[in-house]
Amino acid sequence: MSFLAPLYALGALAIGLPILFHLIRRRPKAQAEFSSLMFLTQSPPRLTRRSRLDQWPLLLLRALAILLLALAFARPFLRSMAQQETDPIGRRVVVLVDTSGSMLRGDLWKQAQQQVASVTDGLAANDQIALLIYDSAVTSVVGWDDQAVGGASSQAERIRRAMADITPSHGGSDLGSALIAAADILHNTAESIEEGDVAAGEIVIVSDLQEGNDLIPLQQYQWPASIVVSIAAVESAERGNLSAVVLPQPVASGESKQPQLRVRFHNTSDSVNDQFMYFWEGGKEGEDRIVQVPPGESRVVMIDPPAGTQHVLRFVGDQQAFDNQVYVALPPKLQQRVLYVGSQAEDPQSGLFYFLNQATLGNARREVAIEQVEPGGLPADLKPQHTPLVIVADVVPSAAMAGLKQYLGDGGHLLFVIDADPKDDPAIAASLRELSDSPSLAIEEAKVGDYAMLAKIDFQHPLFAPFADPKYNDFTKIRFWSHRRLTLAEEDGWQTVAEFDDNDPALIQRSIGAGRLWVLTAGWQPQQSQLALSTKFVPLISGMLEQGPNRSPLEASYAIGSQGELSVTPPCELVSPDGARREIEVDLSLEELKQPGVYRLIQSGVESSFAMNLPESESRTVAIGADQLEQYGLQMQRSESAEQIADRQRQLQDVQLESQQKIWQWMIFAALGILVTETWLGGYLAGRKS
């Protein structure tokens, strides 16, 4: 018989207590009456040679109960010769291989293949093994089900063949999610396998463990105590790495020159260099520049982009070249127009169009032409892609109303300006009701004293978000000499963007089809207000233009493996960096794009481009230690000798045998039975003596 906790067997020494109590608790056989004991000195019983044990059956029962309890706590089990000769309990091993962009360095992937081969070579016949790979997502390559035929040896061969076919990607490293996925696989398998077949689970991480790994998911995960983690690290002989990323750069209205690019360079803390050279691929000789970045720090540099829309920024001077290029996609300059629908005023300088035409709405990314047409002369080619904003300031004939509704339904944006007293032109209300499908809408002239001001503004709205800063959110200097009052039905879905100080809406909006309709209840010319003369006028009109359908949903650059989708409007064609073309029928998932470079998206004849680059986190190549994983509760397994592994296997087998036999339960039952017998026997003997 063997014991899992042999130290508890020392409790058997308590057998001496019943013997001692039997010796010192002997009572005199005879009794004699005595007058008083108050003048006698009390003395404890003493053991002498004449002391003798009596009630031997009770003593033996009590000692046996104590012995059984001590042995039960020691967790006994029987190990037969047949059991000793059986194979040790099999292991459940999940090999977690890093295929992120940082594994493209040097010979790291070759080292990873060798590490996986080393793990598979050490498998026993009844071990179970699975292979997972991860970058920004986790993929199961070889699972438990593949071991149904052939056992561990065939499983190891499948893993070796799979590793020969796998190559690192350009994605990020989500090690936290990968560890959770591997732990869940082991935990679910432990619930489904036959008891006694395998031991506790083990995860082997094959990775360079660069500090860009995402470990945040582990913060919310309770790591199972039965799963241990070991690290099969791969290391690069080169130290130090420089990375670069293009930061977003806003473009101001009226700025015609292509803005400089903001590029952030970061040098790892283990770098031996602090001076690097960067240049545009295909640029002229002598255009290269020097940037100085101390180890462990970052620097932001303003760089003039060359002509064109697709470029590659390269840099040299660090020890590792796997990330020494940044793909840059600059949007082409758009040719757009703003269409003003309204009659020419008798005095042009008193009309809306005069001040609208003075506004500079173009910038480095677009050229904007402002055109005026009569209400009945709407062009037939009114498409949101080329005319992202239409401004209506007059009664629209019914024949032209269908064209405006079609324009809104296709995604166009329309601003309806009410700059005249509705009593002078009642048809203006009818036009707005028909255009907005709001039959209950009513317009009347508001009573204004000296002037009205904007009081309630939604600075969360995209139109007013640029003014949210306290330096720019003062609208009190814009005075309105007159405005109109609207009566709106709640069910029509109007949203108030800005209000006057008399609680009348100043600017409202409503979605119609894929487009958006704004209504401004006051004119911007000086006879109506000071809006056109303020610094807020051009940014507001530009904001409406930016919200139009030609506003690109694309960022200049995305990291490979980014989550999210790009909304597209069929027919749409995607052109990959290698020139491959494919039709896009639904929204494009960024996770599908695994190749770095510049992609072109062609929608309805309009081309836009965006770049996919290696995630900046992959360039942080300094390795983390196992202690950082332990901070998240992981049970790390240190390196063991063959004797230690054999001893651990034997201990696992002992635990399994003990849990199957459960001898301690029978000992507890036997001890309880003995105590019941002892109680009955003690009572019986005491009664017979009395």
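Residues numbered from 1 in each chain as written. Predicted model: local features only at pLDDT ≥ 70, side-chain atom pairs only at ≥ 80, totals over all residues. Heavy atoms only, no water.

Considerations on the overall build of the protein
To keep it simple, the criterion reads: In this text, helices come from DSSP runs of H or I with a minimum length of four residues, and strands from runs of E with a minimum of two, each type numbered from the N-terminal end. Between buried and exposed lies partly exposed: a residue is buried under 20% and exposed over 50% of the maximum accessible area for its type, with that area taken using a 1.4 Å probe on protein chains only. Contact criterion: two residues are considered in contact whenever any of their non-hydrogen atoms come within 4.5 Å of each other. Accessible areas in this description were obtained via Shrake-Rupley with a 1.4 Å probe; residue shielding takes into account the shown protein chains only.
Helix and strand counts for the protein stand at 13 helices and 33 strands. Across the 690 residues that make up the protein, the buried fraction comes to 43%. Of the contacts formed within the protein by residues at least 6 apart in sequence, a portion of 74% connects residues at least 24 apart. Accessible surface computed for the protein: about 35,900 Å², of which carbon and sulfur atoms make up 52%.

What to know about the pattern of salt bridges
Our working definition: Every case where a carboxyl oxygen of Asp or Glu lies within 4 Å of a side-chain nitrogen of Lys or Arg is listed as a salt bridge.
According to the stated counting rule, one finds 15 salt bridges in the structure shown. Salt-bridge contacts for D208 lead to R105; the nearest nitrogen and oxygen are separated by 2.7 Å. Highlighted residues: D208 in the loop between β6 (198–207) and β7 (228–233) and R105 in the loop between β3 (90–98) and α4 (108–121), separated in sequence by 103 residues. R105 matches D208 in its accessibility class, with the two residues each being buried. Where E371 meets R337, a salt bridge forms, and the shortest distance between an N and an O atom there is 3.2 Å. Of the two residues, E371 sits in strand β16 (residues 366–373) while R337 sits in strand β15 (residues 334–341), which places them 34 residues apart along the sequence. Its relative accessible area of 33% is what places E371 among the partly exposed residues. Here the salt bridges share partners, and the residues they tie into one network are D121, E157, R160 and R161.

Quick notes on the environment of Q344
Residue position: Q344 is located in the loop between β15 and α7 (352–358). Q344 gets classed as partly exposed once you look at its relative accessible area, which sits at 46%. Taking the C-alpha atoms as reference points, Q344 and V373, separated by 29 residues in sequence, lie 8.9 Å from one another. When sequence neighbours within four positions are dropped, the list of residues in contact with Q344 reads Q372 and E374.

Examining the nonpolar core
Side chains of nonpolar character tend, in soluble globular proteins, to be buried together. As a reminder of what qualifies: To form a nonpolar core, buried Ala, Val, Leu, Ile, Met, Phe, Trp, Tyr and Cys residues must be joined to one another through side-chain atoms within 4.5 Å.
Counting residues in each nonpolar core, the largest one holds 39 residues, and the members touching the most others are I391, L415, F464, L507 and W524. At 5 residues, the largest contribution of residues to this core is made by helix α10 (residues 537–546). Excluding residues that lie within four positions of it along the chain, L415 makes contacts with L389, V390, I391, V392, L507, W518, L520, W524, I541 and M544. Of all hydrophobic cores here, the second largest spans 28 residues; its members include V373, V396, L414 and I428.

Notes on the environment of S659
Note that S659 resides in helix α12 (residues 642–661). With 582 residues separating them in the primary sequence, S659 and F77 have C-alpha atoms 8.7 Å apart.

What to know about helix α8 (residues 398–409)
Test applied: Here a helix's expected span is defined as the number of its residues, less one, multiplied by 1.5 Å. Regarding the arc, it is the one traced by the directions from the helix axis to the C-beta atoms.
Taking 1.5 Å per residue, 12 residues should reach 16 Å; α8 reaches 17 Å between its end C-alpha atoms and fits that length. Of all the positions in α8, only A400, M401, L404, Y407 and L408 are classed as buried. End-on, the buried residues of α8 take up no more than an arc of 120°, which puts them together on one face. Opposite the packed face of α8, turned more than 90 degrees from it, sit the exposed residues S398, A399 and A402. In this structure, the buried side of α8 is in contact with β17 (389–392), β18 (413–417), α9 (427–436), β24 (505–512) and β25 (515–520).

Side note on the environment of G143
The residue G143 is located in the loop between β5 (138–142) and α5 (151–165) in this model. Apart from the residues within four sequence positions on either side, G143 is in contact with I129, A130 and Q155.

Some words on the sheet that holds strand β12 (residues 298–303)
Our working rule: Two strands qualify as a pair provided DSSP detects at least 2 bridges between them. Every axis corresponds to a line fitted to the C-alpha atoms, with the helix fit spanning only the stretch in contact, and the corresponding angles, defined between N-to-C directions, vary from 0 to 180 degrees.
One open sheet holds the 3 strands; their spatial order is β8-β9-β12, and the pairing between them is antiparallel. Edge strands, defined here as strands with exactly one partner in the open sheet, are β8 (242–247) and β12. Taking the axes of each pair of neighbouring strands and ignoring which way they run, one obtains an average angle of 25° across the sheet. As judged from the 6 bridges shared by β8 and strand β9 (residues 261–267), these two strands associate in the antiparallel manner. Counterpart to V246 in the pairing with β9 is V263.

Considering the confidence of the model for the protein
Basically, it comes down to this: Along the chain, pLDDT gives the predictor's confidence residue by residue, from 0 to 100.
In this model, the protein carries an average pLDDT of 84, and 87% of its residues clear a pLDDT of 70 or more. The low-confidence segment residues 81–86 (pLDDT under 50) makes 6 contacts with residues lying over four places distant or belonging to another chain. Scored below 50 in pLDDT, residues 192–198 makes 15 contacts in the model with residues more than four places away or belonging to other chains.

Some details on a nonpolar patch on the surface
So the rule is basically this: By definition, no residue in a patch forms a salt bridge, and every one has over 30% relative accessible area; like charges are joined within 9 Å, nonpolar side chains (Val, Leu, Ile, Met, Phe, Trp, Tyr) within 5 Å.
A contiguous nonpolar patch, built from W666, F669, L672 and L675 and spanning about 480 Å² of accessible area, is present on the exposed surface. Following the sequence through the fold, W666 ends up in helix α13 (residues 663–689). A relative accessible area of 62% places W666 in the exposed class.

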